[in-house]
Amino acid sequence: MYQNKIQIFNNIIDLNLQKEIKNLLLSNNFPWYFIPDVTDKNNKQKRPALQHFFVDEKKVTSPYFNLIKPIIDNSCLKINFKYLCIDRIKSFLQFSLNLKNDSVDLPHIDNQIKHLVVLYYVLNSDGNTIIYGRDKKTILKSIKPKQGTVVIFDGSYFHTAEQPKKGNRCIINCNLM
């Protein structure tokens, strides 16, 4: 497994595909679905966002899956990783909430089963991704979202995001097994 590593690759897909994905996800035609809290199922933080599943429970659920698959293929090629299955691919669109404090979203892991996270930034934004050690306190890396960049890391690391303050934050989160 891909343990104890965090890697970042810029321009994981070519610029034309980056723009195509960005234009689609930020268009009026893309099917986004409201969630009351981006990381907490109990809605404690009340940080609403929009989400879209490309793959859920190992099944393709979106007609746009083939558009984003090169992100996974190129990422796995870069690190020489062969996955057995795609457990989930989910995109989030977060908006500036004008929060009164700088607290981050709740640190979490996406799945209890061993997996690899491939996190793709759809656009440049604020709202860094923060990756913690397994103690949920030690910050291993803080990454500023940059269009076309992927962050690849062991899914057992807790991670979260800062809320964007200056605009929208859009990512695609892939969980590979």
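In short, a report on the structure. (Residues numbered from 1 in each chain as written. Predicted model: local features only at pLDDT ≥ 70, side-chain atom pairs only at ≥ 80, totals over all residues. Heavy atoms only, no water.)

Counting across every chain of the model gives 3 salt bridges. Of the charged contacts, one joins K58 and D87 as a salt bridge, the two residues approaching to 3.6 Å between their closest N and O atoms. Here K58, found in the loop between β3 (49-56) and β4 (59-60), pairs with D87, found in strand β5 (residues 86-94); they are 29 residues apart in sequence, far enough to count as distant. Taking relative accessible area as the criterion, D87 reaches 12% and is therefore assigned buried. With a closest N to O distance of 3.7 Å, D110 and R88 form a salt bridge. Taken together, the residues span a long stretch of sequence, with D110 in the loop between β5 and β6 (116-121) and R88 in strand β5 at a distance of 22 residues. This pair shows no difference in class: D110 is buried, exactly as R88 is. (Salt bridge = Lys/Arg side-chain N within 4 Å of Asp/Glu carboxyl O. Helix = DSSP H or I, 4+ residues; strand = E, 2+ residues; numbered from the N terminus. Buried < 20%, exposed > 50% of the residue type's maximum accessible area, 1.4 Å probe, protein only.)

Assignment of secondary structure puts P70 in helix α2 (residues 65-79). Relative accessible area serves as the criterion here: at 24%, P70 is assigned to the partly exposed category. Along the sequence, P70 and D14 sit 56 residues apart, while their C-alpha atoms lie 9.7 Å from each other. The contact partners of P70, leaving out residues within four places of it in the chain, are I13 and L17. (Contact = heavy atoms within 4.5 Å.)

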